[in-house]
Amino acid sequence: MQSKDDIRDWDSIASAYSQKIEACGDRCFPEIRDRFWTTLGDIGGKTVLDLGCGQGWLTKELTNRGAVAIGVDGSGSLIERARSQFPELTFLVADLAEGLPDLDIKFDTIISHMVVMDIPEIKTLFNAVSQALQPGGEFFFTLPHPCFFQQKSHQDVSGQWFKKVTNYLTPEVWRIDSFGGHNHYHRTIEEYVSALSQVGLLVSHFHEPPHESKSKRIDPEFLKTFPVFLMVGARKTAEPELGAYADKPRRSG
Ligand SMILES: C[S@@+](CC[C@H](N)C(=O)[O-])C[C@H]1O[C@@H](n2cnc3c(N)ncnc32)[C@H](O)[C@@H]1O
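Description of the structure in this document. (Residues numbered from 1 in each chain as written. Predicted model: local features only at pLDDT ≥ 70, side-chain atom pairs only at ≥ 80, totals over all residues.)

## So, the overall build of the protein chain
Tallying secondary structure elements over the protein chain gives eight helices and 11 strands in all. Its C-alpha radius of gyration of 18 Å places the protein chain within 12% of the 18 Å reference for a compact globule of 253 residues. Counting the 253 residues in the protein chain, one finds 33% classified as buried. Within the protein chain, contacts between residues at least 6 apart in sequence are counted, and of these 67% link residues at least 24 apart. (Helix = DSSP H or I, 4+ residues; strand = E, 2+ residues; numbered from the N terminus. Rg over C-alpha atoms; globule rule 2.2 N^0.38 Å. Buried ≥ 20, exposed ≤ 12 C-beta atoms within 10 Å, placed from the backbone. Contact = placed C-beta atoms within 7 Å.)

Written out as structure tokens, the structure is:
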């Protein structure tokens, strides 16, 4: 299964990835941080699941804000690191491509920061997320913006900057070199939104922050006119509707 190979990649880059996070923090989070926390609101006393928690820094932040948070990741090496960094917290190993581990609770909030694009198939995961949420609970996930991430900037002879966007509608697997290499499954925003709605998760938040770059080569003011990250929130609708949506497109009319 593809996700097993992906998890093996994450196991082998776990040490480099953790060292980078622990030395410099997560490089994506600053662009969405403010909106992320305001959108989550007061999480004091809430049950929160952190999917693809890596070495656990965000599970710890959620806990610091009063949540009862659990972190889950497929990489045994990253979970080992999380447990040694934050021994007071609960971390579990699970392949998210197969769903969620058996947990005897329904969550108020489920988050996933920079993970869904690393999962080869999202329907199983989104269905499991929906089942694990309380009615009215919310799922928030962040990802590199499917339209603009990895798309190169170009300058024409007049000095005008452009973003060259290619193959947006084509599902592709990209190899990302950072930390030693892992797969990124490019899919459209439509695919994400329809996978959510098929399991009774209706989009409640959509955030496209301006890219804050310190690039010396490309005009930072130009880069600010595109988002390279995306945050999506989706609310779970009433429980009885779920069976009707699972694995079927919704009927119109
Ligand atoms: C870019 S990292 C983000 C980690 C963490 N959320 C953070 O912000 O540091 C992607 C994470 O997804 C996890 N991952 C990738 N594929 C997975 C899978 N099939 N099941 C569970 N976790 C997976 C990796 O182990 C890694 O921790």
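Read on, since the account is not over.
## Quick notes on the sheet that holds strand E2 (residues 68-73)
Adjacent strands of a sheet pair through backbone hydrogen bonds, lying either parallel or antiparallel. The strand order across the open sheet built from seven strands is E3-E2-E1-E4-E5-E11-E10, with neighbouring strands paired in mixed fashion. Lying at the two open borders of the sheet, with one neighbouring strand each, are strand E3 (90-93) and strand E10 (201-207). On average, each strand axis in the sheet is inclined to that of its neighbour by 20 degrees, with strand direction left out of account. Of the strand pairs in this sheet, E10 and strand E11 (residues 229-236) are connected by six bridges, and their pairing is antiparallel. (Pairing = 2+ DSSP bridges. Axes fitted to C-alpha atoms, helices over the stretch in contact; angles between N-to-C directions.)

## Describing the site of the ligand
Residues in close proximity to the ligand total 22 residues, the closest being Trp10, Gly52, Gly54, Gly74 and Ser75. In terms of residue count, helix H1 (residues 2-24) provides more of the shell around the ligand than any other element does, five residues in total. Here the residues of the shell around the ligand are counted per class, giving 11 nonpolar, six polar and five charged. (Near = placed C-beta within 6 Å. Nonpolar A, V, L, I, M, F, W, Y, C, P; charged D, E, K, R; others polar.)

## Examining the packing of H1 against helix H4 (residues 76-85)
Viewed as axis vectors pointing N to C, H1 and H4 meet at an angle of 35 degrees, and their least axial separation amounts to 7 Å. Each of Trp10, Asp11, Ala14 and Ser18 in H1 lies in contact with H4, whose residues at this interface are Gly76, Ser77, Leu78 and Arg81. For the contact of H1 with H4, the class distribution of residues is three nonpolar, three polar and two charged.

## Notes on the nonpolar core
Judged by nonpolar contacts, the single largest core of 52 residues is most densely connected at Leu49, Ile110, Phe126 and Phe139. Leaving out residues up to four positions away in the same chain, Phe139 has contacts with Ile110, Val129, Leu133, Leu201 and Ala234. (Core = buried A, V, L, I, M, F, W, Y, C linked by C-beta atoms within 7 Å.)

## Concerning the pairing of E3
Bridge count between E2 and E3: four bridges; the pairing is parallel. Considered in E3, the bridge of Ile70 is made with Thr90. Crossover connection from E2 via H4 to parallel E3: handedness right-handed. (Right-handed = clockwise from strand over helix to strand, strands pointing away.)

## Here's the deal with the environment of Gly71
You can see Gly71 is positioned in strand E2. In this structure Gly71 comes out as buried when scored by C-beta crowding, with 28 C-beta atoms within 10 Å. Once residues lying within four places of it in the same chain are set aside, the contact partners of Gly71 are Asp50, Cys53, Gly56, Thr59, Ala82, Leu89 and Phe91.

## Notes on the environment of Val173
You can see Val173 is positioned in strand E8 (residues 172-176). Taking the number of C-beta atoms within 10 Å as the measure of exposure, Val173 has 10 and is therefore exposed.

## So, unusual backbone geometry
The phi dihedral of Gln150 falls on the positive side, at around 70 degrees, and the residue is not glycine. C-beta crowding within 10 Å serves as the criterion here: with 14 such atoms nearby, Gln150 is assigned to the partly exposed category. Here Phe179, not a glycine, exhibits a phi torsion of approximately 65 degrees, which is positive. When the 17 C-beta atoms within 10 Å are taken as the criterion, Phe179 is described as partly exposed.

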